[in-house]
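# Structure assessment
Here is how the chains run, residue by residue.
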Amino acid sequence: MRAHVITYGCQMNEYDTHTILSELVAGGHEIVTSPHDAELMVLNTCAVRGKPVEKVVTLLGELRKEKQRRPLAVALMGCLAQLEEGQALAKKFAVDILIGPGAITDILPAIEALETQGRYTSLAFKGDLLTHIPPAPATLTGFLTIMRGCNHRCTYCIVPTSRGPEVSRPVEAILNEAEAMRSAGVQEIYLLGQNVNSYGLGLPGYPSFAELLKLVAATGIPRVKFTTSHPMNFTSDIIDAIAETPNVCDFIHLPVQSGSDRVLRRMAREYRRERYLAIIAEIKAKLPEAVLSTDIMVGFPGETEEDFQATLSLYDEVQFDSAYMFIYSARPGTPSYQHFTDLPKAIKTERLQRLIERQKYWSQQRNQRWVGRELRVLLKQPSDDGGYNVGHSDQNHTVLVPNEQVTGVGLYPVVIEQATPHALYGSVVSAERQRLPLLMAS
Ligand code: SAH
Ligand code: SF4
Ligand code: F3S
């Protein structure tokens, strides 16, 4: 079949899409870039907020119409597929294949079953997905999922329902996958999981996350990054592993969600402001150059102006380099949807605006400190307007250099000349300097 795959949501879904695509190719199907050429449309969906769900609903409506005009099969996969909400949508829009995130390797049997039995549903959390190793991606940055699911119960979050309980992949599978990526020329590996810090926790024979970081780094891959960390188990040994291992980047994404203890309690986040700030203090002491980012949610039910001020003051204390900022979205099936009353939209939007202003201020301050200094940048592609080549520093800044200075994709030493809240601009250092060993992140 000619298949077209659309991905919504987080990097874990992007990783899963890579698996889906490679399964389709292995099964003799053709991947097409235009949906109009497709006989099979695969939607790898996200349900974390209302917006990505709305997008899928709109598309399912269009595809149902398209199905009346020509032969077309539709596969609803990913997080939405696992939820009652997704199952109801599948019925309403005559979806042919319904596969949850724990059963993505069922895509080939599902296509076969279409011919014999029509509709196909698989919502299992399959163990074989943990040992499955997809072919290395043909990209400079490669995602590598080290664990699936989530054992936390943040009251706003649908992920534990959509992705099931937390399971760690065996270390051999992870290292073999990392090794295959390194051999294929991948320059940067992102270790992925909802809470990577609890990798292997309580499992005899499994390394801790800090040990796993060192093992992956030992494959010789130039850069190792990871996401997402959870403040509950972001332990000192992880900070030490980053400090000791040059190719583990000192870029740390540590979602805080709120600066108010009252809100954190209602969210059922298992740490408080003081503990979060203590982790940040330890990071800053041991990794003075570390770049910090976070996830923050505004407008959680019951959030007062005072609670929001606590979030702003935490931002000022930490001085994050960047942040993903979200407006609370009530998700059916979550405890906060069931038990709490949503705040008026105007209040939530206004708080987000104020938070974005604060973020811009600190991002500008934090980015400014790199002006005049050298960073190692993985240059990946020309910018949309073609004038620049865009890449990411070891510390995960977006960095742009004039396109004519770049002879090919890869790692370059770049001197930073200008900073904005969103990006750094610089020049590739002279050929003579390039012969010097490159500075590593830590
Ligand atoms: N496991 C990670 C992140 C998972 S989802 C963690 O615990 O940090 C990514 C981000 O989406 C979350 O950090 C949170 O800020 C946001 N998010 C999750 N559910 C949400 C909801 N119902 N409304 C708005 N944002 C949400
Ligand atoms: Fe969702 Fe909380 Fe799990 Fe993160 S830790 S995925 S926010 S339930
Ligand atoms: Fe969305 Fe599922 Fe990721 S809900 S954010 S795709 S884990």
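So, how was this worked out
Residues numbered from 1 in each chain as written. Chains lettered and ligands numbered in written order. Predicted model: local features only at pLDDT ≥ 70, side-chain atom pairs only at ≥ 80, totals over all residues. Heavy atoms only, no water. Salt bridge = Lys/Arg side-chain N within 4 Å of Asp/Glu carboxyl O. Helix = DSSP H or I, 4+ residues; strand = E, 2+ residues; numbered from the N terminus. Buried < 20%, exposed > 50% of the residue type's maximum accessible area, 1.4 Å probe, protein only. Near = heavy atom within 4 Å. Polar contact = N/O pair within 3.5 Å; in protein donor to acceptor, adjacent residues only side chain to side chain. Areas by Shrake-Rupley, 256 points an atom, 1.4 Å probe, with all protein chains shown as cover. Domains from an automatic or database assignment. Contact = heavy atoms within 4.5 Å. Buried area = accessible area lost by both parts, 1.4 Å probe. Nonpolar A, V, L, I, M, F, W, Y, C, P; charged D, E, K, R; others polar. Pairing = 2+ DSSP bridges. Axes fitted to C-alpha atoms, helices over the stretch in contact; angles between N-to-C directions.

Time to look at the pattern of salt bridges. In the structure shown here, the tally under the stated rule is 30 salt bridges. Salt-bridge contacts for K126 lead to D128; the nearest nitrogen and oxygen are separated by 3.7 Å. With a shortest N-O distance of 2.9 Å, E303 and R351 are connected by a salt bridge. Placement of E303 in the loop between β13 (291-298) and α12 (305-318) and of R351 in helix α14 (residues 345-368) is noted, with a sequence separation of 48 residues between them. Given a relative accessible area of 3%, E303 falls into the buried group. Beyond isolated ion pairs, a larger network of salt bridges with shared partners links E188, R223, K225, R376, K380 and D394.

Near ligand 1 lie 15 residues; those nearest to it are R49, Q194, Q257, D295 and S329. One of the backbone N or O atoms of Y156 is found 3.0 Å from a nitrogen atom in ligand 1. Within the backbone of S329, an N or O atom sits 2.8 Å from a nitrogen atom of ligand 1. Considering ligand 1 on its own, with 540 Å² of exposed area, one finds that the protein chains cover 91% of that surface.

A few words on the domain arrangement of the protein. For the protein, the assigned domains are domain 1 (2-122), domain 2 (130-368) and domain 3 (374-433). Taking only C-alpha atoms, the centre of domain 2 and the centre of domain 3 are 26 Å apart. Contact residues are listed per partner, giving 18 residues for domain 2 and 20 residues for domain 3. For the pair domain 2 and domain 3, the two sides together bury roughly 1500 Å², of which 52% comes from carbon and sulfur. Summed over the shared surface of domain 2 and domain 3, the result is two salt bridges. Here domain 2 is connected to domain 3 by 12 residue pairs in polar contact (both at pLDDT 80 or more). Take the side of domain 2 that touches domain 3: its biggest share by element is five residues, from α14. Within the side of domain 2 that touches domain 3, the residues separate by chemical class into six nonpolar, six polar and six charged.

What follows concerns the sheet that holds strand β11 (residues 223-227). Spatial ordering of the open sheet is given by β7-β10-β11, a layout of three strands whose pairing is parallel. Only two strands of the sheet have a single partner each, and these edge strands are β7 (141-145) and β11. Going from strand to strand, the sheet's axes swing by 25° on average, the running direction of each strand aside. The pairing of strand β10 (residues 188-192) with β11 spans five bridges and is classified as parallel. Looking at β11, one finds that I189 is bridged to V224. Strands β7 and β10 of the sheet are contacted by helix α7 (residues 171-183), whose axis makes an angle of about 170° with β7.

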